[in-house]
There are 2 protein chains.
Amino acid sequence: MFYGLMSDIQFDIAIIGSGMAGLSAAIYAGRYEMRTVIIGDEPGGATASAWTIENYPGYKEIDGYDLIMKVKDQAESLGAKVLHDKVISVDKTGETFSLGTESGQTVAAKTLLFAHGAARRKLKLPKEDDFALGKGVHYCTTCDGPLYKGKTIGIVGGGDAAIKGANLAVQYAEKIHIIEITNSLKPEPVNMARLQPFINSGKVEVHLETEIVELLGNDRLTGVRTKEGKEFVLDGLFVEIGAVPEMALATKLDVKLDDYGYIAVNNEMETNIPGIYAAGDSTNFFGHFKQDITAAAMGAVAATSAFNYLQKPKD
Amino acid sequence: MFYGLMSDIQFDIAIIGSGMAGLSAAIYAGRYEMRTVIIGDEPGGATASAWTIENYPGYKEIDGYDLIMKVKDQAESLGAKVLHDKVISVDKTGETFSLGTESGQTVAAKTLLFAHGAARRKLKLPKEDDFALGKGVHYCTTCDGPLYKGKTIGIVGGGDAAIKGANLAVQYAEKIHIIEITNSLKPEPVNMARLQPFINSGKVEVHLETEIVELLGNDRLTGVRTKEGKEFVLDGLFVEIGAVPEMALATKLDVKLDDYGYIAVNNEMETNIPGIYAAGDSTNFFGHFKQDITAAAMGAVAATSAFNYLQKPKD
């Protein structure tokens, strides 16, 4: 039994996640005249906090938040219903998927799209979760970097997110320590080239083969201690070491995951379960290459597959 | 031996085709600081003649030409060199690809991306090629439809391109006959719904299970005759029956094609030949679902794969 404001409507597609993949799917679903609902607890997903985006074809330079709001507006203008809510339960009865949300809504739909992305990976150190509540530990440099004007910060990680984050933060922070556990940085060269002058000037220091083993401070972060015996005095720490997908809802419906824990999909974004699709960062379809443009394409493909599925006569 | 203005430069990537896939690849290649050249004889590719686009995430409504010019500008601002020319020969010597163009230029590059799309399919009837030279036969309704103000036209085909074209042409033409060989139309519902009032009013007539066997007229098209014995008096005929890929250059380099004659690629847009990639409508990666958003994503992925290939130490 399901109750709630949405429960009278049988949607053609329910989309979990309101980032680029989900909203792009909603645009296509809307064009196909499918009754479409999107449920997401992070409006705009990762794109909303991406700061300046320069590689989305069609916009030479656009703020991630502005881009995703345009896409949201486009989806809504085509009839999609966007709920700011969190899906906490899923079920399948006959041919119908039923979703329950944190606020107590229930949603019924004929097809389901997982487009909920992947959460940021943590250091898994004591006090990390406490400090993450506005007390010095962050997981998105481009989102929260500007908070540390004139301060000293650490950025953990050596990938593109870390270096892109450093490029932003360097405009605000007095000093940045980049702390990377491996022996090299692996950003996009263009982002590395931008950071290089700040490394040369000493404003940014890179520490390779350095592993943080302890977060220092009582009420809030005051620094970190490393396995190699170094100590850094820090006002803030930004953890940029990748993402980890949350798949409890998908596995509840017997959706098959790949070796890395992401949803396995084919070229049509179909999962192993008929009527269930996945798109964007919750898949590994294009490997670790996870971009707005690929998420948008996957969303469009997923919606098209769901549409084709509904068009087909059922046994 | 190669001569020409470009011959002194060893490009990191040469992109054949200047449509959405090629230009999107150039944006990413530019961000990777790869020396990038794009060679295309149809500037903007199919997108340039797409008329109003309403399903590209980020633009609620944009003219195809305007969109692709933004993407071209973006690619050029990141350093890509765009040549309006046609590649007529390819060769591989050692690790270097050599391209010869119609205008006599030669281009050398370390990697190669096929992003040249697929040409429109023809009826293969006598006089068709002659009439296609501005004498009544066309292959893009949204491009040339406006030429027939107050006239009677035929549109061959029942897919989305045909119906989308009819929706545009109905604003200009006095009368439209849609002529489809199968027993049904298969457009996007939203496009069908738009056309329906014109079908109801009789301005647009749909003729199913109707096959054109003869183009009438001497100097220019005056009508068509069908297998079923019907004759239509027409001022213009728009052939919207799909596309056919041109793969002579690819097969010259032993690139493997799929069963439908498109370039076979994996999820990284790699072909069977190291250093050669394909993206956009020249592949069947997403099946018959060929959109700007998917072409752009494939281009981004292809450029990334080419970049990774060049980063790897060679044997």
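Since we're looking at a predicted model, the values are computed, not measured.

**Let's talk about the packing of helix 8 (residues 292-311) of chain A against helix 8 (residues 292-311) of chain B**
In a packed pair of helices, the relevant descriptors are the angle between the two axes and the axis-to-axis distance.
No. 1: At a minimum axis distance of 8 Å, the contact between helix 8 of chain A and helix 8 of chain B shows a crossing angle of 140°. Considered as vectors, helix 8 of chain A and helix 8 of chain B are oriented oblique to each other. The hand of the helix 8 of chain A/helix 8 of chain B crossing is left-handed. Along its contact with helix 8 of chain A, which presents Ile293(A), Thr294(A), Ala296(A), Ala297(A), Ala300(A) and Val301(A), the element helix 8 of chain B presents Ile293(B), Thr294(B), Ala296(B), Ala297(B), Ala300(B) and Val301(B).
No. 2: Looking at the contact of helix 8 of chain A with helix 8 of chain B, its residues break down into ten nonpolar, two polar and no charged.

**Digging into the nonpolar core**
No. 1: If you look at the biggest cluster of nonpolar residues, it comprises 133 residues, and the most contacted ones within it are Tyr56(A), Phe114(A), Tyr56(B) and Phe114(B).
No. 2: Dropping the residues within four chain positions of it, Tyr56(B) is found in contact with Tyr56(A), Pro57(A), Gln74(A), Ile293(A), Met20(B), Leu67(B), Asp292(B), Ile293(B) and Ala296(B).

**Here we look at the confidence of the model for chain A**
No. 1: Mean pLDDT over chain A: 92, with 96% of residues reaching 70 or higher.
No. 2: Interface confidence in the predicted complex, given as ipTM, is 0.80; pTM for the same model is 0.81.

**Structural notes on the sheet that holds strand 11 (residues 152-156) of chain B**
No. 1: The strand order across the open sheet built from five strands is 10-17-11-12-13 (chain B), with neighbouring strands paired in parallel fashion. Strands with a single pairing partner mark the edges of an open sheet, and in this sheet they are strand 10 (137-138) and strand 13 (204-207) of chain B.

**Observations concerning unusual backbone geometry**
Glycine aside, residues mostly have negative phi angles, and peptide bonds mostly take the trans form.
No. 1: Positive phi, close to 65°, is recorded for Asp254(A), a residue that is not glycine.
No. 2: In this fold, Asp254(A) is placed in the loop between helix 7 (248-252) and strand 19 (276-278).
No. 3: Looking at Asp254(A), the relative accessible area reads 57%, which means it is exposed.
No. 4: Although it is not a glycine, Met269(B) sits at a positive phi angle of roughly 65°.

**Some details on the side chain of Lys175(B)**
All names here are of chain B.
No. 1: Positionally, Lys175 belongs in strand 12 (residues 175-179).
No. 2: Among the polar contacts listed, one links the side chain of Lys175 to the side chain of Glu205, at a separation of 2.6 Å.
No. 3: Not counting chain neighbours up to four residues away, the residues in contact with Lys175 comprise Lys151, Thr152, Ile153, Gly202, Lys203 and Glu205.

**Some words on the relation of the copies chain B and chain A**
No. 1: For the pair chain B and chain A, the relating rotation is 180°, the translation along its axis is 0.1 Å, and the fit reaches an RMSD of 0.1 Å. The transformation relating the two chain copies, once decomposed into turn and shift, fits a two-fold axis. Rotation axis and chain B: the residue whose C-alpha lies nearest the axis is Ala297(B), separated from it by 3.1 Å.
No. 2: Same-surface contact between copies: 100% of interface residues of chain B are shared with the interface of chain A.

**Remarks on the domain arrangement of chain A**
Residue and element names in this part refer to chain A.
No. 1: Segmenting chain A into domains produces domain 1 (6-119 + 243-311) and domain 2 (122-239).
No. 2: Put simply, the middle of domain 1 and the middle of domain 2, counted by C-alpha atoms, are 31 Å apart.
No. 3: In this assembly, six residues from domain 1 lie in contact with nine residues from domain 2.
No. 4: Carbon and sulfur atoms make up 48% of the surface buried where domain 1 meets domain 2, a total of about 520 Å² over both sides.
No. 5: If you look at where domain 1 meets domain 2, you find one salt bridge.
No. 6: Note that Glu54 and Arg194 form a salt bridge whose closest N and O atoms lie 3.0 Å from each other.

**Brief notes about the sheet that holds strand 16 (residues 231-233) of chain B**
All names here are of chain B.
No. 1: In space, the three strands of this open sheet follow the order 14-15-16, with antiparallel pairing throughout. Each edge of the open sheet is held by one strand with a lone partner, namely strand 14 (212-216) and strand 16. Neighbour-to-neighbour, the strand axes of the sheet open up by a mean angle of 20°, direction not taken into account.
No. 2: Sheet topology note: the strand 14/strand 15 (residues 223-226) ladder contains four bridges and is antiparallel. Bridge assignment links Leu216 to a residue of strand 15, and that residue is Gly223.

**Here we look at the pairing of strand 8 (residues 106-114) of chain B**
Residues and elements named next belong to chain B.
No. 1: For strand 8, the tally of buried residues reaches eight of nine residues, placing the bulk of the element in the interior.
No. 2: Examined bridge by bridge, strand 1 (residues 10-16) and strand 8 share six bridges and lie parallel to one another. Bridge pairing in strand 8 places Ala14 opposite Leu112.
No. 3: In this sheet, strand 8 lies alongside strand 7 (residues 96-101) in antiparallel orientation, the contact comprising four bridges. The partner of Leu99 across the bridge, within strand 8, is Val107.
No. 4: Hairpin connection between strand 7 and strand 8: a loop of four residues separates the two successive antiparallel strands, and Gly104 in this loop has a positive phi of roughly 95°.
No. 5: The pairing of strand 8 with strand 19 (residues 276-278) spans three bridges and is classified as parallel. Across the sheet, residue Leu112 finds its bridge partner in strand 19, namely Ile276.

Basis of the calculations
- Residues numbered from 1 in each chain as written.
- Chains lettered and ligands numbered in written order.
- Predicted model: local features only at pLDDT ≥ 70, side-chain atom pairs only at ≥ 80, totals over all residues.
- Heavy atoms only, no water.
- Axes fitted to C-alpha atoms, helices over the stretch in contact; angles between N-to-C directions.
- Helix = DSSP H or I, 4+ residues; strand = E, 2+ residues; numbered from the N terminus.
- Parallel < 35°, antiparallel > 145°, perpendicular 65-115°, else oblique.
- Left-handed = near helix turned anticlockwise from the far one by under 90°.
- Contact = heavy atoms within 4.5 Å.
- Nonpolar A, V, L, I, M, F, W, Y, C, P; charged D, E, K, R; others polar.
- Core = buried A, V, L, I, M, F, W, Y, C linked by side-chain atoms within 4.5 Å.
- Buried < 20%, exposed > 50% of the residue type's maximum accessible area, 1.4 Å probe, protein only.
- pLDDT = per-residue confidence, 0-100.
- Pairing = 2+ DSSP bridges.
- Polar contact = N/O pair within 3.5 Å; in protein donor to acceptor, adjacent residues only side chain to side chain.
- Least-squares fit on C-alpha atoms with pLDDT ≥ 70 in both.
- Domains from an automatic or database assignment.
- Buried area = accessible area lost by both parts, 1.4 Å probe.
- Salt bridge = Lys/Arg side-chain N within 4 Å of Asp/Glu carboxyl O.

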